[in-house]
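Examining the three-dimensional arrangement
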Amino acid sequence: MLWTEKYSPRKIDDVLGNKKAIEQIDEWVENWEHGEPQKCLLLIGPPGTGKTTLAHLIAVFFSDHIELNASDKRSFDIIMNTIGEASAATSLFGKGKKLIILDEVDGLHGNEDRGGIRAINKIIKESHHPIIMMANDPYSKRITSLKSKCQVINIRKVHTNSIVALLKRICVKEGIEFEEHVLRTLAKRSNGDLRSAINDLQVIAQGKNSITSNDLEIISEKDNVNNIFDSIRTVLKSKNPKRIKNALRLDSEPGFILEQITENIPREYEKPEEIEKAYDMVAEADMYLGRAFHTRHYGYWKYTYDLMGLGVALAKDETYKKFSRYASSTFYSKLSRNRAKRDLRDRVATKMGEKMHTSRKVAIEQFPYFEIMFQPEDLARDLADYFELDDAEVKQFRKRKIKKRKTKKAPKSTTNKDKSNRKKSSASVVSKKTKTSTKSSKSTEKEEKKVLTEDSNKKDEDKKKKDHSSKSVSKDNGESEKPEAKDNGKQVSLFSFK
Amino acid sequence: MNRPWVEKYRPQTLEEVVGQDHIIQRLKQYVNEESMPNLMFTGPAGVGKTTTAIALAKAMLGEYWKQNFLELNASDARGIDTVRKDIKNFCRLKAVGSPFRIIFLDEVDNMTKDAQHALRREMEMYTKTSSFILSCNYSSKIIDPIQSRCAIFRFAPIKGHQVIQRLEKIANTENIQHTPGTLESIVYFAEGDMRRAVNILQSTATMGTEITEEHVHDVVSKAKPKDVRRIINMALDGDFMGSRDLLREVMVVQGTSGEDMITQVYQEVSRMSMDDLIGSEEYINLVGHIGEYDFRIREGANPRIQLESLLTKFLPKEKAD
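For the structure given in this document, a descriptive report is provided here. (Residues numbered from 1 in each chain as written. Chains lettered and ligands numbered in written order. Predicted model: local features only at pLDDT ≥ 70, side-chain atom pairs only at ≥ 80, totals over all residues. Heavy atoms only, no water.)

**Examining the side chain of S257 of chain B**
Turning to its location among the elements, S257 of chain B is positioned in the loop between α12 (240-254) and α13 (258-274). For S257 of chain B, a relative accessible area of 9% puts it in the buried group. (Helix = DSSP H or I, 4+ residues; strand = E, 2+ residues; numbered from the N terminus. Buried < 20%, exposed > 50% of the residue type's maximum accessible area, 1.4 Å probe, protein only.)

**What to know about the interface of chain B and chain A**
Taken together, the contact pairs 61 residues of chain B with 59 residues of chain A. By the criterion of area lost to chain A, the three top residues of chain B are M1, V252 and I305 of chain B, representing 11% of everything that side buries. For E249 of chain B, the salt bridge goes to K334 of chain A, with nearest N and O atoms at 2.9 Å. Viewed at the interface, chain A and chain B are joined by 26 residue pairs in polar contact (both at pLDDT 80 or more). Of all the elements, α12 of chain B adds the most residues to the side of chain B that touches chain A, at ten residues. Class assignment for the residues of the side of chain B that touches chain A results in 18 nonpolar, 17 polar and 26 charged. (Contact = heavy atoms within 4.5 Å. Buried area = accessible area lost by both parts, 1.4 Å probe. Salt bridge = Lys/Arg side-chain N within 4 Å of Asp/Glu carboxyl O. Polar contact = N/O pair within 3.5 Å; in protein donor to acceptor, adjacent residues only side chain to side chain. Nonpolar A, V, L, I, M, F, W, Y, C, P; charged D, E, K, R; others polar.)

**Quick notes on the packing of aromatic side chains**
Given two aromatic rings, one states the distance between the centres and the angle between the planes to describe the pair. In the structure shown here, the tally under the stated rule is 23 aromatic pairs over all chains. Taking the centre distance of 6.2 Å and the plane angle of 75° together, the rings of W28 of chain A and W32 of chain A count as edge-to-face. In this pair, W28 of chain A and W32 of chain A are both assigned in helix α2 (residues 19-33), four residues apart and thus about one turn of the helix distant. Its relative accessible area of 6% is what places W32 of chain A among the buried residues. Cluster of aromatic residues (ring-pair linked, three or more members): F367, F370, F374, Y386, F387 and F397 of chain A. Across the ring face of Y386 of chain A, the terminal group of K355 of chain A is positioned such that the distance to the ring centre comes to 5.6 Å. The aromatic ring of F331 of chain A is capped on one face by R304 of chain B, whose charged end is 3.6 Å from the ring centroid. (Phe/Tyr/Trp six-rings, centres within 6.5 Å; stacked < 30°, edge-to-face > 60°. Lys NZ or Arg CZ within 6 Å of the ring centre and 35° of its normal.)

**Here we look at the sheet that holds strand β2 (residues 64-68) of chain A**
Residue and element names in this part refer to chain A. Spatial strand order, β2-β3-β4-β1-β5: five strands in an open sheet with parallel pairing. Each edge of the open sheet carries a strand with a single partner, namely β2 and β5 (150-154). Neighbouring strand axes in the sheet, compared pairwise and without regard to direction, differ in orientation by 20° on average. Direction of pairing for strand β1 (residues 40-44) relative to strand β4 (residues 131-135): parallel, over a ladder of four bridges. By the bridge assignment, I44 is partnered in β4 with A135. Together, β1, β3 (98-102), β4 and β5 form the strand contacts of α2, whose direction differs from that of β5 by roughly 150°. (Pairing = 2+ DSSP bridges. Axes fitted to C-alpha atoms, helices over the stretch in contact; angles between N-to-C directions.)

**A few points about helix α17 (residues 360-373) of chain A**
The terminal C-alpha atoms of α17 of chain A, which comprises 14 residues, lie 19 Å apart, in line with the 20 Å expected from a rise of 1.5 Å per residue. Most of α17 of chain A sits inside the fold, with eleven of its 14 residues counted as buried. Taken residue by residue, α17 of chain A has V362, A363, I364, E365, Q366, F367, P368, Y369, F370, I372 and M373 of chain A as its buried positions. Tucked inside the fold, the buried residues of α17 of chain A contact α16 (339-356) and α18 (377-387) of chain A together with α9 (194-205), α10 (213-223), α12 and α13 of chain B. (Expected span 1.5 Å × (residues − 1).)

**Looking at the pairing of β3 of chain A**
All names here are of chain A. Among the five residues that make up β3, four are buried, leaving the element largely enclosed by the rest of the structure. Pairing between β2 and β3: five bridges, direction parallel. When the sheet's bridge partners are listed, E67 is paired in β3 with I101. Pairing of β3 with β4 involves three bridges; the strand directions are parallel. Bridge pairing in β4 places L102 opposite M133.

**Some remarks on the sheet that holds strand β5 (residues 151-154) of chain B**
Residue and element names in this part refer to chain B. Strand order across the open sheet formed by five strands is β2-β3-β4-β1-β5, with parallel pairing between neighbours. The open sheet is flanked by β2 (69-72) and β5, the only strands paired with a single partner. Going across the sheet, the axis of each strand differs from the next one's by a mean of 15°, ignoring polarity. In this structure, strand β3 (residues 101-105) lies alongside strand β4 (residues 130-136), joined through five bridges in parallel fashion. Across the sheet, the residue bridging to L105 is L134, located in β4. Sheet contacts for helix α3 (residues 49-61): β1 (39-42), β2, β3 and β4; angle to β2, the most-contacted strand, approximately 165°. The strands touched by helix α5 (residues 113-125) within the sheet are β3 and β4, with β4 carrying the most contacts at an inclination of about 150°.

**A look at the pairing of β1 of chain B**
Residues and elements named next belong to chain B. Side chains L39 and F41 project from β1 onto one buried face, and the interleaved M40 and T42 project onto a second face that is buried too. Sheet analysis places β1 next to β4, joined by four bridges and oriented parallel. From the neighbouring strand, L39 faces β4, where its bridge partner is I133. Where β1 lies against β5, four bridges are found, and the strand directions are parallel. For T42, the partnering residue across the bridge sits in β5 and is R154.

**Looking at the pattern of salt bridges**
Tallied over the entire structure, the rule returns 37 salt bridges over all chains. With a shortest N-O distance of 4.0 Å, R120 of chain B and E124 of chain B are connected by a salt bridge. Pair noted here: R120 of chain B and E124 of chain B are both in helix α5, with a separation of four residues, about one helical turn. The class for R120 of chain B is partly exposed, based on a relative accessible area of 26%. Among the charged side chains, a network of salt bridges with common partners joins E259, E263 and R267 of chain A together with R244, R248, R304 and E308 of chain B.

**A look at the environment of N136 of chain A**
All names here are of chain A. Locating N136 in the fold gives a position in the loop between β4 and α6 (144-147). For N136, a relative accessible area of 33% gives the class partly exposed. With 31 residues separating them along the chain, N136 and V105 place their C-alpha atoms 8.5 Å apart. Once you skip the residues sitting within four places of it in the chain, N136 turns out to touch I44, G45, P46, P47, K51 and D106. Of the polar contacts made by the side chain of N136, one reaches the backbone oxygen of G45; its length is 3.0 Å.

This is the structure in C-alpha cells:
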C-alpha cells in the first residue's frame, strides 16, 4: 500500500498546515449544511499540498460526490454528460447535496478537452450542488474565467518542519530507526510537496529497520519542471552533464526546446567555432526528431535531448562570464507577423494545386516562374481566370494591377490607394466578375458581352454612390477613368488592395 | 484563352507520356486485361507520376473516369481520419460505368507511419471494388507492408533529348522561335523535371516570340529564391544573426522549400568557386556539408534548422596557427 494513502489524514483537522484555508473550507461546508448555497470553491496551490485530500475529506459531509480529474477526457460533451445532468437534478429527498469535484482544472487540454472550460462555467451557473475545483497554476489562462465566479482559496506549500514531523511519525509507526538529518533532507528536497516527501521516504525505507544518509543516494532530486529560459541558461552556461540533464526536464515538446536553444546559441556564444559546433549538435538533434516523427519511435528523443543539451553545452571553450539576454525564437514571431502573407500564399497554392494536380508545396516551388508569367497583362489575366484567383490573390505574383483588356474577355484591372468605400464596393464586383467570367469561358461571346454590360451598369451605380460621398475625387480615379472612356464604357474598373 | 502550359500540354493518354516507355508498356497491358494491382509510382518531381496516373485512370475507367477516380494530394489534411473517412466513403460505393474505382494518393511519403498503417488496412478491405495508385518521391519512406501490396514502378528523370523534343513541340504549337542552344539550356536547368522545363519555357516566352539562351538565363536567375546570395555573404562577413534572420524571413514569407534553398546555396557556392571568390579547398569542404544537409532535409529533418547550421559553415573562423 502506498504510504501516501496509508497516512493520509482521516479528519479535516489532521491536514498539515494551511490553517486559515482550512477554516474557510470548514465554514463553506457548514454553510452548505445549513442549506445556504455557497459560491463554488477553487483551491489553488502547488502539488502535494493536500488539495485533493481536502476535497475528499469534506465529501463525507455531503450525500454523494462525483469526481473528474485529468486522467479522464474532459471535453464539453463528456463533462456535461457526467456532471451536467447530475448537477442540474435535485435529489428526491430534497436535502441531499452532491459534491462535485473537478481536479486539475488548469490541466484541461486545449484540443482534447475542447469546450471543457465552457462546460464548467455552464455547470457553475446552473448547478444547485456544491462544487470544489483544484488547480496548480494560479496564472493559468484557462482558469481566469473561473476565478471570478469562485471563492478562491490559496493553499501554500507545507512547511519543512511540519513535513519532518510527519515523516518522523511515519517512521515510528513503521518501526524504522532514522537519523533526523535524513528526514530533514527529504523534506527540504520535496520543496513543500508532502506527497513526494512521503513517497521518497517509502522508497528508501520500506522493508528496512533503519535509514541512513547513504540511502539518500538511491533517490535522485525531485523532477522539478523547469522554466525554459532557466534551462537554456544552464545549457549555455554550464558544462555539468547532470545539471544539464536535469535542466531539460521541461514540460514542453522537444521540438520547441530545440528551437529555443537554437535561437539563443549565437546570443551566448561568440566565437564562430563555438556557434558552428553547437549548431552541428542541434542539427543532429533535429534529425532524431524527424526520425522519431516519421517512424513514431519516440525512443529517438533521448538522443535529441542529449545532443541539444550536453552537446551544445560542450561546444563552448569556456563559460562566458557575462549576462546574456535570451530571447524566444524569432521564427515564431515571424510566423505570426506574416500570417496574412502566408495565408495568401497558401490560398493561392491550394487553388493552383487543384488545377495542376499538385500539393501546395509543389505549387509554391513553381511560384517564381508564375511571377514572370504574370507580368504580361494578357497572360496574367488568363492565368488568374484559369486558377480562379481574385485580385487580392493576384498580388502574390505582381504588384501592379492587371490592366483591362481591349477585347471582351474578363477584364481585370486594379488600382492602388483607393478609398475604403470604393474598395468594398468594387471588391464585391471583383468576386462576381471572376466567377462569371470563368463560368462563361465556354459560352459565347455574346453572353459575355451581356455579363459585362450588366457589370458595368453595376459599376456605374457604384460610381454614382461614390460621387455622392464627401470624399473628393482622387487622382487615381481620374487615371482609371481614362482607359475606360476608350473602351466605350464596356469595361469595368476593378480595384484591389495594396 | 491562355492556360499554364504545364496543364495545356499535359499528356492526356498513356501514349503521349514522355520518357517512361517500359512503364507505359506494362500499364497498357493492365488496360488490355481490364484489371490492375495496386500500383506505386516512385521517382523525383516532374517525371510524370501524376500524369501517368490520370492517363491510366482515363484508359482504365473509360467514359465515366471522373466519377470513379479520387485524387487526394498532400495538401489535403491527410491524417488517419481523412484516410479512413474519405477513402471509405469513396470505396464502399460500387463503380458505375467502370470496372472498378481508382484512388490516387499523391506524395504518400509525407504521411506519417500511423496514417500509412491506416491506409494499408483500407487497401486490404476494398480490394474487390477499388485499386490504389500511390505516388511518392522516396519509396524508402513507405512502410514495407504497403510496398509489398503494390507493384512498384520507378520513374526515372526524363532524358535530355526527350525533354527537348517535347519543348520543341510546344514551341512549334505556340509559334515560339528559338535560337540554337536555348532548349538545351532549359534542359540543363530543369534537371530532368518536365514541369520545371515547361514552366521555364513559358516564362521565357513572355520575353518575346524569339527566345535565346540569354533569356533562359535571365528567367532562371529571376526565379531563384531571392536573397540567397545576401544570406551567404552576410554569413561570410561574420554576421550570423543577420544572415540567419534573413534566411528565416525568406523561408517563412516566401515559403521557399528547404530543397529549393539548399539547391540554390549549392549553385551560389559553385558560382563563387568559378569566380575564384573561394578557394577550391574551401569549396570542396562546403560541398561536403551541403550534400549532407541536403540528404538530411530529404530524410525529414527540419529544413530551417539544418540550413541555419549550414550557414555556420560560412562564418569566418580564426586561423589556427
